[in-house]
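Residues per chain are reported as follows:
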Amino acid sequence: MSRASSRALKHPPTAPSEPAGAPSDFPVDFPELGVAIDRARRRGRGVQSNASGRYEAEARVAFDDGWQSLEELPPFKTTVGIDTSRKVITRNDSPDIGFDRSINPYRGCEHGCVYCFARPTHAYLGLSPGLDFESKLFAKPEAAALLEKELAASGYEPRMIAIGTNTDPYQPIERERKIMRGILEVLERAGHPVGIVTKSVLVVRDIDILARMAKRNLAKVAISVTSLDPRLARTMEPRAATPPKRLEALKQLSEAGIPTTVMVAPVIPALNDSEIERILDAAAHAGVKEASYVLLRLPLEVRDLFREWLMANYPDRYRHVFTLIRDMRGGRDYDAKWGERMKGTGPMAWTIGRRFEIACDRLGLNKRRSKLTTDHFARPKRNGDQLSLF
């Protein structure tokens, strides 16, 4: 029996101002919250820790009671629960994004990208945005049926549905669950437009459906390529596809006639911003015609998870990276202001934007933007519906 102990802290404190292991001149109010989980237990995972979510009344921190019993704790294994939501389409009214509805077949994401801005959503489930987010997943097996029901509603007005804007719809568990494929089958039958964002090559499995939809201007796919450096990519996105495989997926999609976009996202100053031009060049050679970029976003718990990761893997760049981040965020670690959260402000942000635009012009990217249509939409028939006479 393990003798590992835990200590409960009433009302979790605010996140430490610097990660565990920071130089001694950085104040750390609660260093016990920054203690990383043993490497063997989190092997193949993205972040270093598993601090309680911000809504929890207590924060529990494991510590060794002198018997070295932490070594007996099992490694983090991926578990999949069932999400029983009664609706699958999520609405938003954000003025700085090009869609007002989206679908997420899964909650949590096994890819383990350390920078993922969706991590804080796990706090709504009483789980940690840290290691829980990438190991305690929730699937929506009824997503296709729920979608068909929502599309069949008499008041439904079709507009592009975005999939993959929060967690990746083609993460590893999709191989067996095939929830995303079921969703695409419903959308194809209904003639409904869809835009997909992923960093998984599993998307090529559905080329048959996507190619048919693309012929009717109903589908487009964006793949995120964060870095061409295999070490950086594996450290930052441990269970996502390698950069060469993502480029190959873009090539296959393009050759199948499916509009493709390469997303240089996120751009992290002093870490991968030097690769912007190389990523765009490689994507253009793969047949991509459109490109976009997003600056690193560090909302809520993501800030401290990223800090811990940066100190553990690139301690020599820590100060420089955060100095540049604050230069692009009005002196803060993150600014969620609409219209600025994706691209930042200030000279450094402007420089990144201009470099991106110049590279796109040189490579002929973004000359034309693919537009999806709702002209083919046919409302699914609901059980009990009578056929129309006309």
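Residues numbered from 1 in each chain as written. Predicted model: local features only at pLDDT ≥ 70, side-chain atom pairs only at ≥ 80, totals over all residues. Heavy atoms only, no water.

Peer 1: What am I meant to see in the packing of helix α2 (residues 143-152) against helix α4 (residues 179-190) here?
Peer 2: For any two helices packed against each other, the geometry comes down to the angle between their axes and how far apart the axes lie. Two elements in contact, α2 and α4, have axes whose closest approach is 8 Å; the angle formed by their N-to-C orientations is 25°. Accordingly, the angle class assigned to the pair α2 and α4 is roughly parallel. Here the hand of the crossing between α2 and α4 comes out right-handed. Counted together, Ala 143, Ala 144, Leu 147, Glu 148 and Leu 151 of α2 and Ile 179, Gly 182, Ile 183, Val 186, Leu 187, Arg 189 and Ala 190 of α4 form the full contact between these two elements. Residues that form the contact of α2 with α4 fall into these classes: nine nonpolar, one polar and two charged. (Axes fitted to C-alpha atoms, helices over the stretch in contact; angles between N-to-C directions. Helix = DSSP H or I, 4+ residues; strand = E, 2+ residues; numbered from the N terminus. Parallel < 35°, antiparallel > 145°, perpendicular 65-115°, else oblique. Left-handed = near helix turned anticlockwise from the far one by under 90°. Contact = heavy atoms within 4.5 Å. Nonpolar A, V, L, I, M, F, W, Y, C, P; charged D, E, K, R; others polar.)

Peer 1: Explain a nonpolar patch on the surface here, please?
Peer 2: Among the surface-exposed residues, Tyr 55, Tyr 124 and Leu 125 lie close enough to one another that they form a single nonpolar patch of about 340 Å² accessible area. Following the sequence through the fold, Tyr 55 ends up in the loop between β1 (5-10) and β2 (58-63). (Patch = residues over 30% accessible without salt bridge, like charges linked within 9 Å, V, L, I, M, F, W, Y side chains within 5 Å. Areas by Shrake-Rupley, 256 points an atom, 1.4 Å probe, with all protein chains shown as cover. Salt bridge = Lys/Arg side-chain N within 4 Å of Asp/Glu carboxyl O.)

Peer 1: Would you mind going over the state of the cysteines with me for this structure?
Peer 2: Cysteine pairs can be covalently joined through their sulfur atoms, and such a bond is termed a disulfide. A complete count under the given rule lists zero disulfides for this structure. We note that Cys 116 lacks a disulfide partner, and the nearest cysteine sulfur, in Cys 109, lies 6.4 Å from it. (Disulfide = S-S within 2.5 Å.)

Peer 1: Sorry, what's going on with unusual backbone geometry here?
Peer 2: It is generally the case that most residues other than glycine have a negative phi and that most peptide bonds are trans. Following Ala 265, the chain continues into Pro 266 via a peptide bond in cis, with omega recorded as -5°. As for its placement among the helices and strands, Pro 266 is situated in strand β11 (residues 260-267). For Ala 270, which is not glycine, the phi dihedral falls at a positive 70°. Topologically, Ala 270 is positioned in the loop between β11 and α8 (276-285). Unlike most non-glycine residues, Asn 366 shows phi in positive territory, near 65°.

Peer 1: Would you mind going over the pairing of strand β12 (residues 290-295) with me for this structure?
Peer 2: Working note: regular strand, side chains alternate between the two faces of the sheet. Taken across its six residues, β12 has five buried, putting it largely inside the fold. In terms of strand pairing, β11 meets β12 through five bridges, oriented parallel. Counted as the bridge partner of Val 267 is Leu 295 from β12. A crossover connection joins β11 to the parallel β12 through α8; in handedness this β-α-β unit is right-handed. (Buried < 20%, exposed > 50% of the residue type's maximum accessible area, 1.4 Å probe, protein only. Pairing = 2+ DSSP bridges. Right-handed = clockwise from strand over helix to strand, strands pointing away.)

Peer 1: In this structure, what is going on with the sheet that holds strand β8 (residues 161-163)? I would like to understand it.
Peer 2: Taken in spatial order, the seven strands make up an open sheet running β4-β5-β8-β9-β10-β11-β12, and their pairing is mixed. The open sheet is flanked by β4 (89-91) and β12, the only strands paired with a single partner. Put simply, the sheet's adjacent strands are angled 25° from each other on average, direction ignored. Together, β11 and β12 form the strand contacts of helix α11 (residues 347-363), whose direction differs from that of β12 by roughly 170°.

Peer 1: Just checking my understanding: could you explain the packing of α4 against helix α5 (residues 207-215) for this structure?
Peer 2: The N-to-C vectors of α4 and α5 enclose an angle of 25°; their axes lie 10 Å apart at closest approach. Taken together, the axes of α4 and α5 are roughly parallel relative to one another. For the pair α4 and α5, the sense of crossing is left-handed. Where α4 abuts α5, its residues Arg 181, Leu 184, Glu 185, Leu 187 and Glu 188 lie against Asp 208, Ile 209, Leu 210, Arg 212 and Met 213.

That is the geometry; function is a separate question.
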